[in-house]
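If you want the building blocks of each chain, they are given just below.
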Amino acid sequence: MLFLLQYGTALVGLLAALSVWFARRRSWSALPSSARIWTSVGLVIALGISILFNVSSACPWWVPPLDEDGYLVLGLFRFIAPLLLCAIALLFLIPPARGVGPRGAAELAPRTLLTFSSRPWLASAVGVVTGVIIVTVLAGMASSPDEAGRYLVYSVEASATTNASTTIYGWFYSGPCLIAIAVIVVLVLVELTVISRPPLAIDRDNDVATRTARVRNVLAVSTGGLLLHLGAVLQSLHGTSSLRLGMDAGAPGWAELGTSFAAIGPFLLVAGYVSVVAGLAMWWMVLVSALTARTREPVDAVLA
């Protein structure tokens, strides 16, 4: 049971990634050896640290004793760690500058950030970002400040003198995470620009396939990191939804009050695990494709 808690999501994500790779292994585009190496290094770092953090979360006795502020920082790290690891992996995906070779046939059609982007991958990335922002705003609006003015408390009130409270993914946690998400968006836009704008190589077909694979990797890594973050948020909200307040209601007997979103608690738990597995699967898929893709060294480019 402990093994499943520690490694279950990572193993399921790996199996899902291997299934996708096996079904589409003939369609993976060739990548330059340098791209394969740097992509693999970035994903190994991101996946390794993510798995280690998940192991430590499943074994709380590994965490040294902390004060209240220490646990708040640990809670923030739980939400922001996937985003930081995503940014690190994206840095390893930035392609090096390319030299320009002899002139060739000019390309009249302008290249944009979307030229080499797959519409389904792009729609997935935009959809996940939208979902994260919606959940963040709703959770932030439901939060209230603690004694120090930090918006991380959710309260259930039965009367003016009877209430119960717990922590929630409020503005205290989501503020730094939104900044990290903005950094990821900027990195993605920069990398799409770096990939799309240089002139095409003499071997146009292979160069287009390589750029398409690079863009796919960028979108997969960024979407995977956002899904991991969303999964952590949804699992936290599931914990918040389980808050109960019991009180003596007099003649009617004992009464219990819960959160306003207690009914969707099970959905939040399942959706959280699905998001985590999907995010890890995307990272595993990029790593597997980088390790198994054919190697193709770039050739001289032609001016566009």
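As the structure is a computational prediction, the values presented were derived from the model and not from experiment.

(A) Expanded view of the overall build of the protein. Scanning the protein from terminus to terminus reveals seven helices and five strands. Reading the protein from its N end, one meets helices and strands in the order α-α-α-α-β-β-β-α-α-β-β-α. Every one of the 304 residues in the protein was classed for burial, and the buried ones make up 43%. Taking the intrachain contacts of the protein between residues at least 6 apart in sequence as the baseline, contacts between residues at least 24 apart amount to 80%. A total of about 15500 Å² of accessible surface is found on the protein, and carbon and sulfur atoms cover 69% of it.

(B) Molecular detail of the packing of aromatic side chains. Here the structure, examined in full by the defined rule, presents six aromatic pairs. Ring plane angle 75 degrees and centroid distance 5.6 Å describe the contact between Tyr154 and Phe261, whose orientation is recorded as edge-to-face. A residue pair is termed long-range when its members are at least 10 positions apart, and Tyr154 in strand 2 (residues 151–157) and Phe261 in the loop between strand 5 (254–258) and helix 7 (265–292) qualify at 107 residues. For Phe261, a relative accessible area of 17% puts it in the buried group. Through a chain of ring-to-ring contacts, the aromatic side chains of Phe79, Tyr169, Phe172 and Tyr173 assemble into a single cluster.

(C) Here's a closer look at the pairing of strand 2. In terms of strand pairing, strand 1 (residues 144–145) meets strand 2 through two bridges, oriented antiparallel. Opposite Pro145, over in strand 2, you have Tyr151 as the bridge partner. Between strand 1 and the antiparallel strand that follows it, strand 2, lie five residues; Gly149 among them carries a positive phi value of about 85 degrees. For strand 2 and strand 3 (residues 163–167), the ladder comprises five bridges, and the chain directions are antiparallel.

(D) Quick peek at the sheet that holds strand 2. Pairing in this open sheet of three strands is antiparallel, and the strands run 1-2-3 from one edge to the other. Two strands lie at the open edges of the sheet, namely strand 1 and strand 3, each paired on one side alone.

(E) Region of the structure containing the environment of Leu287. In this fold, Leu287 is placed in helix 7. Using a relative accessible area of 8% as the deciding quantity, one classes Leu287 as buried. Considered as a pair, Leu287 and Leu43 are 244 residues apart in the sequence and their alpha carbons are 6.0 Å apart. When neighbours within four sequence positions are excluded, Leu287 is seen to be in contact with Ser40, Leu43, Val44 and Leu47.

(F) Structural context of the confidence of the model for the protein. Put simply, the protein has an average pLDDT of 83, and 80% of its residues get 70 or more. Across residues 100–105 the pLDDT falls below 50, and counting only partners more than four positions away or on other chains, this stretch makes 13 contacts in the model.

(G) Region of the structure containing helix 3 (residues 68–93). Taking 1.5 Å per residue as the helical rise, helix 3 with its 26 residues ought to reach 38 Å, and the 38 Å between its terminal C-alpha atoms agrees with that figure. Along helix 3, the sharpest change in direction is near 45 degrees and occurs at Ile80; proline Pro82 comes one to four residues later.

(H) Structural context of the pattern of salt bridges. A complete count under the given rule lists three salt bridges for this structure. The partner of Arg150 in a salt bridge is Asp69, and the shortest N-O contact between them spans 3.1 Å. Pair noted here: Arg150 is in the loop between strand 1 and strand 2 and Asp69 is in helix 3, with a separation of 81 residues, a long-range link. According to the relative accessible area criterion, Asp69 is partly exposed, its value standing at 44%. In this structure, the salt-bridge partner of Arg211 is Asp207, at a minimum N-O distance of 3.1 Å. In this pair, Arg211 and Asp207 both sit in helix 6 (residues 204–241), four residues apart, roughly one turn of the helix. The class for Arg211 is buried, based on a relative accessible area of 2%. A network of salt bridges, in which partner residues are shared, links Asp69, Asp146 and Arg150.

Reading the values: rules and limits
- Residues numbered from 1 in each chain as written.
- Predicted model: local features only at pLDDT ≥ 70, side-chain atom pairs only at ≥ 80, totals over all residues.
- Heavy atoms only, no water.
- Helix = DSSP H or I, 4+ residues; strand = E, 2+ residues; numbered from the N terminus.
- Buried < 20%, exposed > 50% of the residue type's maximum accessible area, 1.4 Å probe, protein only.
- Contact = heavy atoms within 4.5 Å.
- Areas by Shrake-Rupley, 256 points an atom, 1.4 Å probe, with all protein chains shown as cover.
- Phe/Tyr/Trp six-rings, centres within 6.5 Å; stacked < 30°, edge-to-face > 60°.
- Pairing = 2+ DSSP bridges.
- pLDDT = per-residue confidence, 0-100.
- Expected span 1.5 Å × (residues − 1).
- Bend = angle between axes of the 7 residues up to and from the residue.
- Salt bridge = Lys/Arg side-chain N within 4 Å of Asp/Glu carboxyl O.

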